[in-house]
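Below are the chains, spelled out letter by letter.
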Amino acid sequence: MALTGFFYSCESSDSESEGAVSEVKVDEEESRKLRSFLEFGLGEKSDWKSHWIDQIGNFEGMDFSLIQTDSIDPMEMPEKNPILPGDPLFPYQIPHPDGNGTMDIYSYKVEAQEGLDSPFLNPDSEVIWYREDGMKERLLFMGPSGMFEEGLWLNNTTFVVFGYFQEEAGFRPMAWIIDLDTHQLHRYQLNKVASEYAPESYINNKIKKVDLS
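Note that this is a predicted model, so its numbers are computed, not measured.

Student: Break down the side chain of Asp179 for me, with residues and values.
Tutor: Take Asp179: it is sitting in strand 11 (residues 170-179). Among buried charged residues, Asp179 stands out as having no salt bridge; its nearest opposite-charge side chain is Lys33, 5.0 Å away. At 2.9 Å, the side chain of Asp179 forms a polar contact with the backbone nitrogen of Asp181. Excluding residues that lie within four positions of it along the chain, Asp179 makes contacts with Thr157 and Gln184.

Student: Can you lay out the nonpolar core for me, pointing to particular residues and giving the numbers?
Tutor: In terms of nonpolar packing, the biggest core is built from 51 residues, with Trp52, Phe64 and Phe159 touching the most fellow members. The residues touching Trp52, leaving out its near neighbours within four places in the chain, are Gly57, Phe59, Glu149, Tyr164, Phe171, Pro173, Ala194 and Tyr197.

Student: Account for the packing of aromatic side chains, with residues named and values stated.
Tutor: Scanning the model with the defined rule gives twelve aromatic pairs in all. Measuring from centroid to centroid gives 4.8 Å for Trp48 and Phe162, while their planes differ by 25°, and the two rings are stacked. Taken together, the residues span a long stretch of sequence, with Trp48 in helix 3 (residues 46-56) and Phe162 in strand 10 (residues 158-167) at a distance of 114 residues. Its relative accessible area of 0% is what places Trp48 among the buried residues. On the basis of relative accessibility, which here comes to 0%, the residue Phe162 falls in the buried class. Both rings, one in Trp129 and one in Trp153, keep their centres 5.8 Å apart while their planes meet at 70°; by these two values the pair is edge-to-face. In this pair, Trp129 is assigned in strand 7 (residues 125-130) and Trp153 in strand 9 (residues 146-153), connecting sequence segments 24 residues apart. Given a relative accessible area of 7%, Trp129 falls into the buried group. A network of ring pairs unites the aromatic residues Trp48, Trp52, Phe162, Tyr164, Phe171 and Tyr197 as a single cluster.

Rules behind the numbers
Residues numbered from 1 in each chain as written. Predicted model: local features only at pLDDT ≥ 70, side-chain atom pairs only at ≥ 80, totals over all residues. Heavy atoms only, no water. Helix = DSSP H or I, 4+ residues; strand = E, 2+ residues; numbered from the N terminus. Buried < 20%, exposed > 50% of the residue type's maximum accessible area, 1.4 Å probe, protein only. Lys, Arg positive; Asp, Glu negative; His and termini not counted. Salt bridge = Lys/Arg side-chain N within 4 Å of Asp/Glu carboxyl O. Polar contact = N/O pair within 3.5 Å; in protein donor to acceptor, adjacent residues only side chain to side chain. Contact = heavy atoms within 4.5 Å. Core = buried A, V, L, I, M, F, W, Y, C linked by side-chain atoms within 4.5 Å. Phe/Tyr/Trp six-rings, centres within 6.5 Å; stacked < 30°, edge-to-face > 60°.

See below:
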């Protein structure tokens, strides 16, 4: 299943209620590596973890289950990064550790350009890699059922995204680990959900120059 299948899984996974999805099996070495990536990402993005602890109580990396491992089609196309110095979202670009462009998880979601009376959230979310060679790769897309809230380069070929997915049981924290060399996606879900959640709450705290309230 390529990225189009991932679109469908993000937008149509109401059946993925608590306990409804069995854990995907990977070999022991790969499992340890992915688990260490997840733990490291949660440690580095402690603000995101603390934000969700306030919603659902304490959790650790071991409380996430791997529910999907799949290949993705990056949908590569020529396009330079439009988020330039002076843009309110520029400080929240995530530079590649070796200088190969930036990762952008906010500009598709947050409308905050000059001329707007007030910023607002679009219904959909994207994860975009603007490479240094002027090419753009759209790596992840999610419809209004959830949001990509945080991201981190784990090394020069691996990126983790944290966010949530809204399902019948509530709002469930999620993690997506992307291998840019192989274009493999590993999707994790937490074993807890929040019955209520304000969608703009994390981004409003994160992006200080943009008031979405």
